[in-house]
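Close look at the chain arrangement
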Amino acid sequence: MRLYAIAWACVWLLGCLLSGAVAAPSATPLTGDPPMARFAPDLEVFPQNFAIAQDATATVYVANADGLLIFDGARWSQLVMPNNDMVRTLAWDGMQRIYVGGYNAFGYVDRDATGKEVFHDLTPLAQPALGGESFADIWDLHIAKDGVYFRALTHVFRYDPANNSVQLWRHPGRFGAITEYRNRTVLQFRGEGLRQFDQGQWQRIPGTAEFDDLIYQFLTLPDGALLALRRDGRWQRFDQNQVTDYPMPPGTPSASAFSQACRLDDGSYALPADDGSLYLFAPEEQRLQRLRISSGMLSGVTRARDGGLLAVDNEAAIHVSWPSRWTVTGADHGLNGTVHALKQWAGRWYVLTGAGVQAVVEDAEGRRFERRDWTDHEAWDLLELDADTAMLAESYAVKLVDRRGARAITGTSVYPRVLRRSQHDKQIVFVGGEMGLSILRRQGSRWRVIMEAEPGQNLLVTSMLETAPGELWLGTERDGVRRLRLSDDYAQVLSHDAIGGEHGIRYGRIAGASVSALADGQLLATSESGFFIWDGARFQQVELGGLEAIRPPNTWLQIRAATNGDLWAYSYNRVYLRTRDGSWQREPVGGILRGGIEELSIEGDGSQVMLATGDAILSYNRRATPVSHGRSARLQLRAVEYFNADSDERIRLPLNPDQPPNYTQGQFGLSFRFALPDYLREGGARYQARLLGFSDRFPEWSESRIYTYNRLEPGEYRFEARAMDNRGRVSQIDPYVFHVHAVWYRSLWARVLWIVLAIVTVIALTLWGSRRRAARIERERQKLEQLVSERTQALEHANTQLDLVAHIDGLTELANRRRLNDYLDQAWSWCLAAERPLAVVVIDVDNFKHYNDRYGHLAGDDVLKQLGRILAHGLRRADDLAARYGGDEFVLVLPGADLAATVSLTETIRRQVQESAIGATISAGVAARTPQANETVSDLVHRADEALYAAKRNGRNCIQVAQSDADANSNEADALH
């Protein structure tokens, strides 16, 4: 009976496996590091930092070997200590002061009426007790209710702000950590234990003699007990006069690895470590999490006023958005190549990149990326067939992947990009590629191509949706939406409809579009012109729940629907989310993008979303608690300076004067400097400013933070400035109002006097001038004749220059499209009349879109400029013309050049580009023939253009001769690399 039950269980299990009832295990969520931004000082200071603090205005202070460094979110400045020495410790008092501990000096920093940071040295207050004695470094700072404690090695000072006095205590055995315990200040007297400050004296605490070795710092546990971090690496708990060892979570480093700690709002601690990691320790849950944020030692951490954490290493201040729903996985984690997509197969993540396929491996050593030898080319898509097999779309072919490896199941002319399995026939797989649609069918144990893309179609398919058996919708990069109806065996296309304006859909500058299904199954198409839903007969444009209202103009947003009802929208640089019961919100990914977004993948119920972006993966975890943004950073007026136009001297003025200041009109100027202390990402803040009375309009948003005005006319002026932070929030300064009065010689009575004098002067000049008029008229007549001659010559020269500008491309300084069109017709007529050959070469920069996405449009413009110079220098004859056809495409027109000479010239140019430092390669199509009366030059250009596309299909960075020319010149190779 028992064997019978076991047998039935085996049969049941086998049936579940065959039917798919036993699902493959789900992959572990792919999470990385939180968003971070580094802010390195642009000052000539030694790269050694010790601590970090932030005041009420969100200004950042860094303790440095060369003094105190101050960062207002846009500008670094340095405050030198009176003794020109280091600053080691910092603490904010929660109000206006930053307390500072240095070498043989301590005090505090605040701002004067002009906004300038000023150091107030408290060391002289301790000199009577010190008697000239040195106390060296201030190692610790503790702000308590009864004063501010500065701890050196053998000295402790207490400063009382109420009466501006300093007390001193010495301990030859040296001091250790100082903290707050049960509303009392507690200090380690090394060699003795702990003492607490009570009624002006340090009282010994019984049971603490075990604290004889140095304690770096104390943390307060949730129950009020103290957790000691000892120099010998031990973690010990102290409470109720008892010291015990404290068990830390597995993987916790030695206590000696940490120098400072920051307590967070939830009672957890951020601990900066000497290995560049930030450890998040939650005592109540006994949970420890490690964030790798630097390659060097972290020397301090504090809570950021606008949310997250601020840490410091020897080179920079680092803002960490933690906790964060978005994390980044990239090269720091071992990921290589430009990421195209992320796919799951058999419970494991696979990253498809420009460097091939990389598997995410989780084992005892942690997470790492392992390259799979499935392809040496770019990988674009991975389709799971079952737990043992999958299909891979690489640059040229579709491959079948199983335990034995990868083998091609199509030819190398498919150029696949997207793989989709039919929902109505599991033996069918649709392949969208650069050439169009191909279809695979499984026959027995093998997959075969039953339909290839139509020759010459050149449809770059980027999305596919099967809406019914035999009905397939395609979204393409440049050719809009297509609807295909297939035969019952999927081997033939019965109809192929190009969907356009007559079907209700509109496209943008480029007819790119994508298709997808909403949660209710509706067909949705998107383009640069908006969102369109198919009603069964035609497309209807929709607002899509308000997304259209916030979509930037001409932005092509692609839509993904999650099973939990969430909707995601994304372009190459923006991401929006609409939860099932909410409205559209833009996700804060701008500061962590590593390039353009290529794909958004939704896994499971929508709680995990991933972006393929540049050389990194961005992961979204809905279950994570996002960082509390705290108090929003506000724009700060940092300085107002008065200066004289005849002098370099500048005088700082009060930022908040009691009365609007008055200035006398003259050669003076005012300069306003402001900054927004927003640290989500570097350079993310944008500013606007205006001076009412001088200009009534705000300029466009920019990075400008300094505005200067001089030679102002008399009147009342009001300076206003506002800023937009990384989250789109706008703040502004309080207006700065001032008056400018006229100088005495511009007063009313002075103006009347000037008018009288002017009238008298005019009369006198009139009389004097009448005597000279006759002579002057004759001289003017002679000059007029000469002037007419000179102006005629200048006009002819200007017309020549205008004609030249009208035919020159402004970026590359080559001929433009207008000049090219005129010259093609002229060259064709010349060569037709002279019966001479005419050659045309069409050149395109390889992968220029990816280059722009990765390095930016300024770098792309530089590539085009350098390529233009190479083309211009490569021409051999005066009749040859190099022109920019448009975008990254160029055309050479070579009258009188035969095919061999043209191929040789083009190959020389291709090699020069490859060997140059511009960082790009080119592909070229060549066509040459002697013009005939029954042909047009357009035919010749078209054949060169077709040859260019053949060169791209052959791997790029090569030359392809037009087919008919290659046949006529069999000695030439079809493609030259």
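Throughout what follows, the structure given in this document is the object of discussion.

Cut-offs applied
The residue count restarts for each chain, going from 1 along the sequence in the order it is written. This being a predicted model, a pLDDT of at least 70 is required before a residue's local features are given, and a value of 80 or more before pairs of side-chain atoms are given or counted; all residues contribute to the totals for chains, interfaces and linings. The basis for every side-chain value is the complete set of heavy atoms in the structure, and neither hydrogens nor water enter the calculation. Going along the chain from the N terminus, every DSSP run of H or I of four or more residues is numbered as a helix, and every run of E of two or more is numbered as a strand. Summary of the burial criterion: residues with accessible area below 20% of their type's maximum are buried, those above 50% are exposed, and those between are partly exposed, where the area comes from a 1.4 Å probe applied to protein chains only. It only takes one pair of heavy atoms within 4.5 Å for two residues to be counted as in contact. Here the accessible surface of atoms and residues is derived via Shrake-Rupley with a 1.4 Å probe, and residues count as covered only by protein chains that are part of the display. Neither His nor the chain ends contribute to the count of charged residues, in which Lys and Arg are positive and Asp and Glu negative. Every charge is mapped to an atom, namely NZ of Lys, CZ of Arg, CG of Asp or CD of Glu. When DSSP finds two or more bridges between a pair of strands, those strands are recorded as paired. The length a helix should cover is 1.5 Å for every residue beyond the first. Between the rings of Phe, Tyr and Trp (Trp by its six-membered ring), a pair exists once the centres lie within 6.5 Å; its type follows the angle of the planes, with under 30 degrees stacked, over 60 edge-to-face, and the other angles tilted. Nonpolar side chains (Val, Leu, Ile, Met, Phe, Trp, Tyr) are joined into patches within 5 Å and like charges within 9 Å, using only residues with over 30% relative accessible area and no salt bridge. Salt bridge, as used here: a side-chain nitrogen of Lys or Arg that lies within 4 Å of a carboxyl oxygen of Asp or Glu. Axis definition: a line fitted to C-alpha atoms, over the contacting stretch in the case of helices. Angles run 0 to 180 degrees between N-to-C directions.

This part takes up the overall build of the protein. A count of helical and extended segments in the protein gives ten helices and 71 strands. Oriented by its inertia axes, the alpha-carbon framework of the protein measures out at about 140 × 110 × 55 Å. The proportion of buried residues among the 977 residues of the protein is 49%. Considering only contacts in the protein between residues 6 or more positions apart, those separated by 24 or more positions represent 51%. Carbon and sulfur atoms form 49% of the exposed surface of the protein, whose accessible area is close to 47600 Å². Distance from the positive charge centre (106 side chains) to the negative charge centre (121 side chains) of the protein: 3 Å.

Within strand β61 (residues 686-692), five of the seven residues are buried, leaving the element largely enclosed by the surrounding structure. As paired strands, β61 and strand β63 (residues 715-724) are joined by seven bridges and run antiparallel to one another. The residue bridging L692 from the neighbouring strand is R718, located in β63.

Okay, the pairing of strand β57 (residues 636-644) next. Direction of pairing for β57 relative to strand β60 (residues 668-675): antiparallel, over a ladder of eight bridges. The residue bridging E641 from the neighbouring strand is S671, located in β60. Bridging between β57 and strand β58 (residues 650-653) involves four bridges; their strand directions are antiparallel. Paired with V640 across the bridge in β58 is L653. Linking β57 back to β58 in an antiparallel pair, the connection comprises five residues.

With that out of the way, let us pick up helix α8 (residues 899-915). Look at α8: 24 Å from first C-alpha to last across 17 residues, which is about the 24 Å you get at 1.5 Å a residue. Among the residues of α8, L899, T902, V903, L905, T906, E907, I909, R910 and V913 are the ones counted as buried.

A few words now on the packing of aromatic side chains. Applying the stated criterion to the full structure yields 51 aromatic pairs. Both rings, one in F39 and one in F71, keep their centres 5.5 Å apart while their planes meet at 40°; by these two values the pair is tilted. With a gap of 32 residues between them, F39 in strand β1 (residues 36-39) and F71 in strand β4 (residues 67-71) connect regions that are remote in the sequence. Between F694 and Y709 the ring centres are 5.5 Å apart and the planes differ by 75°, which places this aromatic pair in the edge-to-face class.

A separate point is a positive patch on the surface. A contiguous patch of positive charge, built from R772, R773, R776, R779 and K783, is present on the exposed surface. Along the chain, the position of R779 falls in helix α4 (residues 748-806).

Taken in spatial order, the four strands make up an open sheet running β34-β35-β36-β37, and their pairing is antiparallel. A single partner strand is all that each edge strand has here, and the edge strands are β34 (379-384) and β37 (405-408). Each neighbouring strand pair of the sheet contributes to a mean axis angle of 25°, computed without reference to strand direction. In the sheet, β34 pairs with strand β35 (residues 390-394) via five bridges, with the strands oriented antiparallel. Of the residues in β35, the one forming a bridge with A379 is E394.

For side chains bearing opposite charge, pairing can occur when the charged atoms are close. Per the stated rule, a full pass over the model turns up 54 salt bridges. Across the salt bridge formed by D388 and R403, the nearest N and O atoms sit 2.7 Å from each other. Residue D388 is located in the loop between β34 and β35, and its partner R403 is located in the loop between β36 (398-402) and β37; the two are separated by 15 residues in the primary sequence. A relative accessible area of 37% means that D388 is categorised as partly exposed. Among the residues examined, R403 registers a relative accessible area of 73% and is labelled exposed. Between E471 and R485 there is a salt bridge, and its shortest N-O distance comes to 3.7 Å. With E471 in strand β43 (residues 471-476) and R485 in strand β44 (residues 481-486), the pair connects residues that are 14 residues apart, well separated along the chain. Judged by its relative accessible area of 19%, E471 falls in the buried class. According to the relative accessible area criterion, R485 is partly exposed, its value standing at 34%. Taken together, the shared-partner salt bridges connect D55, D72, R111, E117, R638 and R673 into one network.

All right, on to the sheet that holds strand β40 (residues 437-443) then. As summarised here, the arrangement of the four strands in space is β38-β39-β40-β41, forming an open sheet in which the pairing is antiparallel. The sheet is open, and its two edges are formed by β38 (416-421) and β41 (446-451), each paired on a single side. Recorded for the sheet is a direction-independent mean angle of 30° between the axes of neighbouring strands. Bridging between β40 and β41 involves five bridges; their strand directions are antiparallel. What sits directly across from Q443, in β41, is R446.

These figures capture arrangement, not role.
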